[in-house]
Amino acid sequence: MAIEYPEDLRYTDTHEYVRLDGEIATIGISSFAISQLGDIVFLELPGVNDAVEKGESFGTVESVKAVEDLKAPVSGTVIECNDAVVDSPEDLGDDPYGEGWLIKVRIDEINDLDESLSAEEYRQLVEGE
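Keep in mind the model is a prediction, meaning the values are calculated, not measured.

Draft legend 1. Quick look at the nonpolar core. Counting residues in each nonpolar core, the largest one holds 24 residues, and the members touching the most others are Ile 27, Ile 29, Phe 58, Leu 70, Leu 102, Ile 103 and Val 105. Secondary structure elements with two or more residues in this core: β3 (24–29), α1 (31–37), β4 (40–44), β6 (57–63), β8 (76–81) and β9 (103–107). Apart from the residues within four sequence positions on either side, Ile 103 is in contact with Ala 25, Thr 26, Ile 27, Leu 45, Pro 46, Val 52, Phe 58, Val 78, Glu 80 and Cys 81. Formed by eleven residues, the second largest nonpolar core is a distinct cluster that contains Tyr 17, Ala 119, Tyr 122 and Val 126.

Draft legend 2. The arrangement of unusual backbone geometry in detail. A positive phi angle, near 80°, is found at His 15, a position not held by glycine. You can call His 15 partly exposed: its relative accessible area is 22%. Of note, the phi angle at Asn 49 is positive, near 75°, even though the residue is not glycine. In this structure Asn 49 comes out as exposed when scored by relative accessible area, which is 63%.

Cut-offs applied
Sequence positions are assigned chain by chain, starting from 1 and proceeding in written order. Totals for whole chains, interfaces and linings use every residue, but because this is a predicted model, local features are given only for residues with pLDDT of at least 70 and side-chain atom pairs only at 80 or more, for both listing and counting. Side-chain measures were taken over the full set of non-hydrogen atoms in the model, leaving aside hydrogen atoms and water. Side-chain atoms within 4.5 Å are what join buried Ala, Val, Leu, Ile, Met, Phe, Trp, Tyr and Cys residues into a set we call a nonpolar core. Each residue is placed in one exposure class: buried if its accessible area under a 1.4 Å probe, protein chains only, is under 20% of its type's maximum, exposed if it is over 50%, and partly exposed if it falls in between. Numbered from the N terminus, helices here are DSSP runs of H or I no shorter than four residues, and strands are runs of E no shorter than two. Should any heavy atoms of two residues lie within 4.5 Å, those residues are considered in contact.

Such coordinate-based values are descriptive only and should not be taken to indicate function.
Here is the structure:
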């Protein structure tokens, strides 16, 4: 799998990404994180109308290698969950930035993304440059 860093996204040092559309944040995990995890076997996500807090766990991703907490890059209210990836977590790596999104959140504070990383900053972080 080729590791991609789409320029229109913001990234966290815990490997989540955010695609912002107005006050709606689409959150997923980066292709780098998926490549490190290996085969994903289980995904746990919050429900619609659940609150998520920036920096706090909003679910878990389990692979044959590890179980990792998913950390919320923003605070807000979950308005949609991607049931398709919950039902078939092994497909997450096929299109992590498209069909492989995890949750959509109506964000409380746009400034939550002030500390996030650009695509280039994230690439340098994970590739150790």
